[in-house]
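Each chain, written out:
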Amino acid sequence: MSLENRVCINSCEEYDSRRIYAVIQEQFRQLNAAELVKPGMKAVIKPNLVLKSKPEAAVVTHPLVVAAVASCLQELGAEVLVAESPGGLYTPGALRSSYHACGYSDAAKSHGFALNEDCSSRELKTPGGAVSKTFEVIAPILDADLIVDVCKLKTHCMMGLSAAVKNMFGVVPGLMKPELHCRFPEKAPFAEMLVDLCCGVRPHLCVVDAITAMEGNGPSGGNPRFVGALLSARDPFYLDVLCAGLVGMKTADIPYLQAAHSRGLCPADIDGLEIIGENYRSFIAPDFVQPESKTSNFIEHLPRFLQPLAARLATPAPRIRAKDCVGCGKCAESCPQHTIKLENRRARIDYSHCIRCYCCHEMCPQHVIDIKRMPLFKL
Ligand code: SF4
Ligand code: SF4
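Going by an unreviewed UniProt entry, the chain carries the name Ferredoxin and comes from Hydrogeniiclostridium mannosilyticum. The UniProt entry for the chain carries the following text under Function (unreviewed entry): "Ferredoxins are iron-sulfur proteins that transfer electrons in a wide variety of metabolic reactions."

Structure (structure tokens):
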């Protein structure tokens with residue numbers, strides 16, 4: 001097998017700088033990162049900073065994992081910049097506020113890497129894309145010599161899994177992300193779009209922070225869950241096949257992995273990977289809590305004419321706990337369908353236009369938007 005098929009997994013039981021650094025250094029050796037990183041290169045680390053959140057909540061990539069990756073790249077001679085477009089507005093002020101809230105400002109000072117504040121973006125052409133031939137992408141990613149995807153292992157209400165591939169959605173600037181949800185409201189085309197984007201950006205190295213992962217209604221409303229592992233690979237699709245297995249899912253449960261597999265970009269299951277390091281089975285959590293939005297497959301057994309209606313009814317909807325809503329408007333700002341209004345400083349959803357993308361659930365800083373399935377379909 002080639003280095004592209006290789007996925008490294010090693011135990012790391014706590015957020016201890018030295019241990020994290022030692023694991024990443026060994027994984028980069030296994031992946032021959034020195035072949036990719038040349039002195040003087042501009043290396044851009046793309047973390048997951050979807051929401052302003054403390055590292056222990058397991059919403060964002062832990063800053064100590066980013067710091068360890070930065071140190072390994074600096075030792076190989078690269079200049080390191082961390083760049084991300086979190087959900088919401090993409091402005092220098094919003095970026096600084098995210099860096100501070102997520103613990104990145106302190107990590108950058110102590111480990112000597114830079115944090116991006118340039119909020120320009122340009123068009124990336126993806127002529128081979130199946131559903132999208134261009135994307136608007138933040139400038140530092142386009143200007144990088146080397147892109148390193150450093151993500152968090154999380155469940156995801158819409159895509160099932162958030163790891164290396166889904167993390168690349170964050171290269172689309174701020175409020176342009178809801179536009180893509182509008183263009184691709186159904187899961188399957190949205191998944192194809194993610195594959196087009198990931199292939200277009202093509203990170204050179206990928207690292208997954210799975211020391212503490214997120215289970216349940218991720219990527220921001222779930223609960224921290226100890227997994228105790230760090231993973232690395234050159235290929236984001238191969239890496240996510242193993243990530244899916246760790247959280248008790250199959251490739252077939254993840255729409256973007258299904259799309260990637262049908263394009264020949266990744267194997268159908270873990271057996272097609274070359275796994276280096278420790279036995280991945282020791283990290284699998286069989287009771288890992290899945291997102292409530294995970295679709296059941298009973299629909300395909302219904303008569304064809306009933307399937308669209310059943311699919312609509314069976315897809316869980318976002319429900320706002322009105323008494324806990326503080327009226328901040330973040331959900332309305334992120335809703336691609338503009339179907340959330342603030343009334344008397346409380347958010348209210350008009351379900352006639354809701355496409356079940358769960359951006360509102362993802363962006364609510366108070367975590368007061370639940371994902372609810374009709375009781376009949378819970379059965
Ligand atoms: S209400 Fe929420 S789930 Fe529905 S379209 Fe808007 S952001 Fe998406
Ligand atoms: S983001 Fe959450 S707290 Fe803010 S208005 Fe929407 S539901 Fe309320």
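Digging into the side chain of Ser 220
Counting through the fold element by element, Ser 220 comes out in the loop between β9 (205–215) and β10 (223–233). For Ser 220, a relative accessible area of 2% corresponds to the buried category. Within polar-contact distance, the side chain of Ser 220 engages the backbone oxygen of Glu 362 at 2.6 Å. Once residues lying within four places of it in the same chain are set aside, the contact partners of Ser 220 are Leu 51, Val 59, Met 214, His 361, Glu 362, Met 363 and His 367.

Details of the site of ligand 1
In the neighbourhood of ligand 1, 14 residues make up the surrounding shell, with Cys 335, Cys 354, Cys 357, Tyr 358 and Cys 360 lying closest. Residues of the shell around ligand 1, tallied by class, amount to eleven nonpolar, two polar and one charged.

Here's the deal with the site of ligand 2
In the vicinity of ligand 2, 14 residues are found, and the nearest of them are Cys 325, Cys 328, Gly 329, Cys 331 and Cys 364. Of the residues contributing to the shell around ligand 2, the split by class is ten nonpolar, three polar and one charged.

Description of the pairing of strand β14 (residues 346–349)
Alternating residues of β14 divide into Ala 347 and Ile 349, all buried, and Arg 346 and Arg 348, none buried. In this structure, strand β13 (residues 340–343) lies alongside β14, joined through four bridges in antiparallel fashion. By the bridge assignment for β14, Lys 341 is matched with Arg 348. What sits between β13 and β14 in their antiparallel hairpin is a turn of two residues, with Asn 344 showing a positive phi close to 50°.

Observations regarding the domain arrangement of the chain
Put simply, an interface is often sized by how much accessible area is lost when its parts join up. For the chain, the assigned domains read domain 1 (3–283) and domain 2 (297–378). Counting the surface lost from both domain 1 and domain 2, the interface buries some 1,400 Å², and carbon and sulfur atoms represent 68% of this. Looking at the side of domain 1 facing domain 2, the largest losses of area belong to Leu 51, Cys 157 and His 181, adding up to 28% of the total buried there. For the interface between domain 1 and domain 2, the tally reads zero salt bridges. Our enumeration of links across domain 1 and domain 2 arrives at three residue pairs in polar contact (both at pLDDT 80 or more). When residues in the side of domain 1 that touches domain 2 are grouped by element, the largest group, three residues, is from helix α7 (residues 176–183). Class assignment for the residues of the side of domain 1 that touches domain 2 results in ten nonpolar, eight polar and no charged.

Thoughts on helix α8 (residues 187–201)
The terminal C-alpha atoms of α8 lie 21 Å apart, and with 15 residues this matches the ideal 21 Å at 1.5 Å per residue to within 8%. Downstream of α8 by a residue or two, Arg 202 has a phi angle that is positive, lying close to 45°.

Quick look at empty space enclosed by the protein
On inspection of all chains with the given rule, the structure shows three cavities of 30 Å³ or more. The computed volume of the largest cavity comes to approximately 300 Å³. Broken down by secondary-structure element, the contributors of at least two residues to the lining of the largest cavity are β7 (146–156), α6 (164–167), α7 and α13 (359–363). Grouping the constituent residues of the lining of the largest cavity by class yields eight nonpolar, eleven polar and six charged. The residues that make up the lining of the largest cavity include at least three from each of domain 1 (3–283) and domain 2 (297–378).

Rules behind the numbers
- Residues numbered from 1 in each chain as written.
- Chains lettered and ligands numbered in written order.
- Predicted model: local features only at pLDDT ≥ 70, side-chain atom pairs only at ≥ 80, totals over all residues.
- Heavy atoms only, no water.
- UniProt positions renumbered as here; feature names shortened; annotations may be inferred.
- Helix = DSSP H or I, 4+ residues; strand = E, 2+ residues; numbered from the N terminus.
- Buried < 20%, exposed > 50% of the residue type's maximum accessible area, 1.4 Å probe, protein only.
- Polar contact = N/O pair within 3.5 Å; in protein donor to acceptor, adjacent residues only side chain to side chain.
- Contact = heavy atoms within 4.5 Å.
- Near = heavy atom within 4 Å.
- Nonpolar A, V, L, I, M, F, W, Y, C, P; charged D, E, K, R; others polar.
- Pairing = 2+ DSSP bridges.
- Domains from an automatic or database assignment.
- Buried area = accessible area lost by both parts, 1.4 Å probe.
- Salt bridge = Lys/Arg side-chain N within 4 Å of Asp/Glu carboxyl O.
- Expected span 1.5 Å × (residues − 1).
- 1 Å grid on protein atoms, 1.4 Å probe; cavity = no way out; pocket = protein on both sides within 12 Å on 5 of 7 lines; lining within 4 Å.
- Points joined across faces, edges and corners; volume = space filled by probe spheres on them.

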